[in-house]
Amino acid sequence: MKDKIALVTGGNTGIGKAIVLEFVSRGAKVIFCGRREDEGKKTEEEVLKLGGTAKYFPCDVSNDSQVKEFVQKAESEFGGLDFAVNNAAVGGLSQDLHQYPEKVWDKVISVDLKGTWLCMKYEIELMLKKQGGSIVNISSIAGLVGADWKVAPYSAAKHGVVGLTKSAALEYSEKKIRVNAVCPGFIRTEMLEGLFHSSPDPKEAEKKITRLHPVNRLSEPEEVAKAAVWLCSSEASFITGVALPVDGGYTAK
Ligand SMILES: NC(=O)c1ccc[n+]([C@@H]2O[C@H](COP(=O)([O-])OP(=O)(O)OC[C@H]3O[C@@H](n4cnc5c(N)ncnc54)[C@H](OP(=O)(O)O)[C@@H]3O)[C@@H](O)[C@H]2O)c1
């Protein structure tokens, strides 16, 4: 990926940060966003120490004008866009559907689903200019099967991301833009810690969730990052429109 240009949303922490580092390790130049500037700057410094190139810009992916400005940085800073991973998302609450607050529903759909579409919209514009590119959207196992941990709006948004991915793959295949999704199982990040801590017994919740994966462990962010970056790469040149589970067998049952 030497001299290729990659974009990652939510690249300041968690899985997104691991994706930034994986792109950098393969020689790509990266722009990434997130709302927390302190976390963004920390990741930027980490990349610099590794001798790589990555630039952080603040951006809320649910805001059209901020997304437009952020995606255009790929062109103004580095000259275009080859790869994009749309990873930013929020989990929302773990609460019964009939009691779920409308405000939180709107937030989850707005960041996780509309945000993914807004990013794709401007990324595709740049990729059309370059006559090709590759996009990976981060969905979830909750985008492939129902979620039984009371996160129906999150699951609805993530199923939406899979639909968006497959339709875009068909729409842009002749323009040499591949679009795929990665659907992680439970991964050790802030988002997962938040879910554990929202339950009355976090240790028991972790054990229970671990057992849901046939491999009987949780995944590290790097395992998702490698799959996402590989899907972007030319090694996956004949793959488009897939929703790839990276889930230790969770959805094989
Ligand atoms: N962890 C899991 O078990 C798991 C499982 C399946 C799928 N996933 C998916 O994997 C992806 C990454 O999740 P994660 O576990 O790494 O979560 P995380 O640690 O909470 O990271 C989420 C990232 O998204 C950013 N973000 C959130 N809202 C944003 C917004 N409105 N605009 C821009 N950036 C925003 C956050 O930064 P700021 O807060 O600074 O904006 C952060 O960098 C998500 O799509 C998630 O749904 C995670």
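Look up: the structure comes first, before these words.
All values reported here derive from a predicted model rather than from experimental measurement.

A.B. asks: Whenever I open this one, the nonpolar core confuses me. Can you help?
C.D. replies: A general feature of soluble globular proteins is that nonpolar side chains tend to end up buried together. Core analysis: the biggest nonpolar cluster contains 46 residues, and V67, F70, I135, W149 and F186 have the highest contact counts within it. Sorting the residues of this core by element identifies strand 1 (5-8), strand 2 (29-34), helix 3 (64-78), helix 4 (102-129), helix 5 (152-172), strand 6 (177-184), helix 6 (190-197) and helix 7 (202-211) as the ones contributing at least two each. Of all the elements, helix 4 adds the most residues to this core, at nine residues. With near-sequence residues (within four places) excluded, V67 lies in contact with C59, D60, V61, L118, C119 and Y122. Counting 29 residues, the second largest nonpolar core, distinct from the first, contains Y56, V229, C232 and A236.

A.B. asks: Please clarify how the pattern of salt bridges should be interpreted in this entry.
C.D. replies: When the charged atoms of two side chains with opposite charge come close together, those side chains can pair. Under the defined criterion, the tally for this structure stands at 16 salt bridges. Ionic pairing is found between E39 and K42, a salt bridge with its closest N-O pair at 3.6 Å. Taken together, the residues E39 and K42, both in helix 2 (residues 37-49) and three residues apart, mark about one turn of the helix. For K130, the salt bridge identified is with D82, shortest N-O distance 3.0 Å. With K130 in the loop between helix 4 and strand 5 (133-138) and D82 in the loop between helix 3 and strand 4 (83-86), the pair connects residues that are 48 residues apart, well separated along the chain.

A.B. asks: It is not clear to me how the pairing of strand 1 should be interpreted in this structure. Could you clarify?
C.D. replies: In summary, the side chains of a regular strand alternate between the two faces of the sheet. Here strand 1 shows no split at all, with I5 and L7 on one side and A6 and V8 on the other all buried. Note: strand 1 against strand 2, four bridges, orientation parallel. Residue pairing for strand 2: L7 is matched across the bridge by I31. One crossover worth recording links strand 1 to the parallel strand 2 by way of helix 1 (residues 14-25), and it is right-handed. Where strand 1 lies against strand 4, three bridges are found, and the strand directions are parallel. Bridge pairing in strand 4 links L7 to A84.

A.B. asks: How should the site of the ligand be read in this particular structure?
C.D. replies: Residues in contact with the ligand amount to 28 residues; listed here are only the nearest, N12, R35, R36, Y154 and T189. One of the backbone N or O atoms of I15 is found 2.9 Å from an oxygen atom in the ligand. One nitrogen or oxygen atom from the main chain of C59 is found 3.4 Å from a nitrogen atom belonging to the ligand. In isolation the ligand exposes 880 Å². Once the protein is present, 95% of that is buried. Cavity membership is defined here by more than half of the atoms lying within 2 Å of grid points; on that basis the ligand lies in the largest pocket. For the shell around the ligand, the elements supplying multiple residues, two or more each, are helix 1, helix 5 and helix 6.

A.B. asks: Honestly, the environment of A168 in this entry has me stumped. Any pointers?
C.D. replies: Looking at where A168 falls in the secondary structure, it is placed in helix 5. The spacing of A168 and I135 is 33 residues in sequence and 9.8 Å in space, taken between C-alpha atoms. Once residues lying within four places of it in the same chain are set aside, the contact partners of A168 are M120 and V179.

A.B. asks: What's the story with the packing of aromatic side chains in this structure? I'm lost.
C.D. replies: Tallied over the entire structure, the rule returns four aromatic pairs. Consider the rings of F23 and F83, whose centres lie 5.9 Å apart with planes at 10°: the pair is stacked. One end of the pair, F23, is in helix 1; the other, F83, is in strand 4, with 60 residues separating them in the sequence. Across this residue pair, the class does not change: F23 and F83 are buried. Considering the side-chain rings of F186 and Y250, the 6.3 Å spacing of their centres and the 50° angle between planes classify their relative orientation as tilted. Here F186 is found in the loop between strand 6 and helix 6, whereas its partner Y250 is found in the segment after strand 7 (243-246), with 64 residues between them in sequence. Y250 carries the same exposure label as F186, and that label is buried. Following the ring pairs from residue to residue traces out a cluster consisting of W149, F186 and Y250. A cation over a ring is seen here: K253 above Y250, with NZ or CZ 5.2 Å from the ring centre.

Quick notes on the rules
Residues numbered from 1 in each chain as written. Predicted model: local features only at pLDDT ≥ 70, side-chain atom pairs only at ≥ 80, totals over all residues. Heavy atoms only, no water. Core = buried A, V, L, I, M, F, W, Y, C linked by side-chain atoms within 4.5 Å. Buried < 20%, exposed > 50% of the residue type's maximum accessible area, 1.4 Å probe, protein only. Helix = DSSP H or I, 4+ residues; strand = E, 2+ residues; numbered from the N terminus. Contact = heavy atoms within 4.5 Å. Salt bridge = Lys/Arg side-chain N within 4 Å of Asp/Glu carboxyl O. Pairing = 2+ DSSP bridges. Right-handed = clockwise from strand over helix to strand, strands pointing away. Near = heavy atom within 4 Å. Polar contact = N/O pair within 3.5 Å; in protein donor to acceptor, adjacent residues only side chain to side chain. Areas by Shrake-Rupley, 256 points an atom, 1.4 Å probe, with all protein chains shown as cover. 1 Å grid on protein atoms, 1.4 Å probe; cavity = no way out; pocket = protein on both sides within 12 Å on 5 of 7 lines; lining within 4 Å. Sits in = over half its atoms within 2 Å of the grid points. Phe/Tyr/Trp six-rings, centres within 6.5 Å; stacked < 30°, edge-to-face > 60°. Lys NZ or Arg CZ within 6 Å of the ring centre and 35° of its normal.

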